[in-house]
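Read off the chains here:
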Amino acid sequence: MKRSFNQKRFSGLLLLICVLANLPSVAQVVPSRDSSAMTPRFFNAKIIKELKADSDFSYQTVAEPAISLWDRFWQAVWNIIRQIFETTSGDKVMVWGLRIFALAVIAFFIWQLTKMHRSGMFNASRSDKMAYSISSEDIHQIDFAKEIAEAVSAGNFRLAVRLLYLQTLKKLSDESLISWRIDKTNLSYLNEVKQENFYQSFRSLTMQFENNWYGHIPIAREEYEQVTREFESLNNKLGGE
């Protein structure tokens, strides 16, 4: 038992010696002083002077122009409007206002589209005065040859095209291809013409008439003569049926 105890003491003493022997390796290393030579540097006075004189590096606080009374007035107005719309009731007013505006825009475009096909073709414009008024019976009483000749003589080719179109409507009505009525639209007449050999020509002339009459697109004599031949061709077909 005594021998075993001495061995333990010897082992502990050996461990202590090993620890003490390694202390220098873990001790903090004190850095040596840097003795290298240092060269001081200075700013170039000439470059600094040039930079100071450069306007790009001249930072100054620019005073904002004073607000005029007119601008203040509109700022106040828009602030009031903004405050109104920020409320619940104001938000509802804005939503309904936008809906009404959208409906008005849609209604305006629909009105513009339908205006092109209204029976207003039977109402002469103020600049195209006619020597007659058109009623529900007049289309069968107009002396088209005389009226067309007068319009051409006056250089009013838009009116002449209008009269040619009315004359064609009369022939279509005489052939029972359409049922003419003062309040019908051009689109209605197109839908009534079922014969393919008449429909395409009548459709083309209807577009020509609407462009010149409703669109106020001027027509030169040469173009009018071409349109006249197309009307005569259709009318001859109608007369030959």
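None of the values given here were measured: they were computed from a predicted structure. (Residues numbered from 1 in each chain as written. Predicted model: local features only at pLDDT ≥ 70, side-chain atom pairs only at ≥ 80, totals over all residues. Heavy atoms only, no water.)

**Q** Please clarify how unusual backbone geometry should be interpreted in this entry.
**A** A negative phi angle is the norm for most residues apart from glycine, just as the trans form is the norm for most peptide bonds. A positive phi is found at S176, a non-glycine position, where the angle reads about 60°. Inspection of the secondary structure assignment puts S176 in the loop between α7 (157-174) and α8 (186-192). Here S176 falls in the exposed class, since its relative accessible area comes to 62%. Phi is positive for H216, close to 55°, though the residue is something other than glycine. Counting through the fold element by element, H216 comes out in the loop between α9 (196-213) and α10 (221-240). (Helix = DSSP H or I, 4+ residues; strand = E, 2+ residues; numbered from the N terminus. Buried < 20%, exposed > 50% of the residue type's maximum accessible area, 1.4 Å probe, protein only.)

**Q** Would you mind going over the pattern of salt bridges with me for this structure?
**A** Two side chains of opposite charge can pair, provided their charged atoms sit close to one another. Considering all chains together, one arrives at five salt bridges under this definition. Measuring nitrogen to oxygen at the nearest pair gives 3.9 Å for the salt bridge that ties E147 to K146. Here K146 ties to E150 by a salt bridge, and the two come within 3.0 Å at their closest N and O atoms. Note that K146 and E150 are positioned in helix α6 (residues 144-153) at a spacing of four residues, about one turn of the helix. Judged by relative accessible area, which is 41%, E150 ranks as partly exposed. Salt bridges linked by common partners bring K146, E147 and E150 together as one network. (Salt bridge = Lys/Arg side-chain N within 4 Å of Asp/Glu carboxyl O.)

**Q** What exactly am I supposed to notice about the packing of α7 against α9 here?
**A** The description of two packed helices rests on the angle between their axes and on the distance between the axes. Running from N to C, α7 and α9 cross one another at 145°; their axes reach a closest spacing of 9 Å. Once α7 is placed against α9, the crossing between them reads as left-handed. Of α9, the residues touching α7 (which contributes R158, L159, V161, R162, Y165, T168, L169 and L172) are F202, L205, T206, F209, N212 and W213. Across the contact of α7 with α9, the residue classes break down as nine nonpolar, three polar and two charged. (Axes fitted to C-alpha atoms, helices over the stretch in contact; angles between N-to-C directions. Left-handed = near helix turned anticlockwise from the far one by under 90°. Contact = heavy atoms within 4.5 Å. Nonpolar A, V, L, I, M, F, W, Y, C, P; charged D, E, K, R; others polar.)

**Q** Hey, could you run me through the packing of aromatic side chains in this one?
**A** A ring pair, where both rings are aromatic, is described by two values, the distance of the centres and the angle of the planes. According to the stated counting rule, one finds seven aromatic pairs in the structure shown. Where F157 meets Y224, the ring centres are 5.2 Å apart and the plane angle is 35°; that geometry is what we call tilted. You can see F157 sitting in helix α7 and its partner Y224 sitting in helix α10, a full 67 residues away along the chain. Residue class for F157 comes out buried when judged on its relative accessible area of 10%. Relative accessible area serves as the criterion here: at 6%, Y224 is assigned to the buried category. Pairing F209 with Y214 gives two aromatic rings, centres 5.8 Å apart and planes at 70°, and the pair type is edge-to-face. Each member of the pair, F209 as well as Y214, carries the same accessibility label: buried. (Phe/Tyr/Trp six-rings, centres within 6.5 Å; stacked < 30°, edge-to-face > 60°.)

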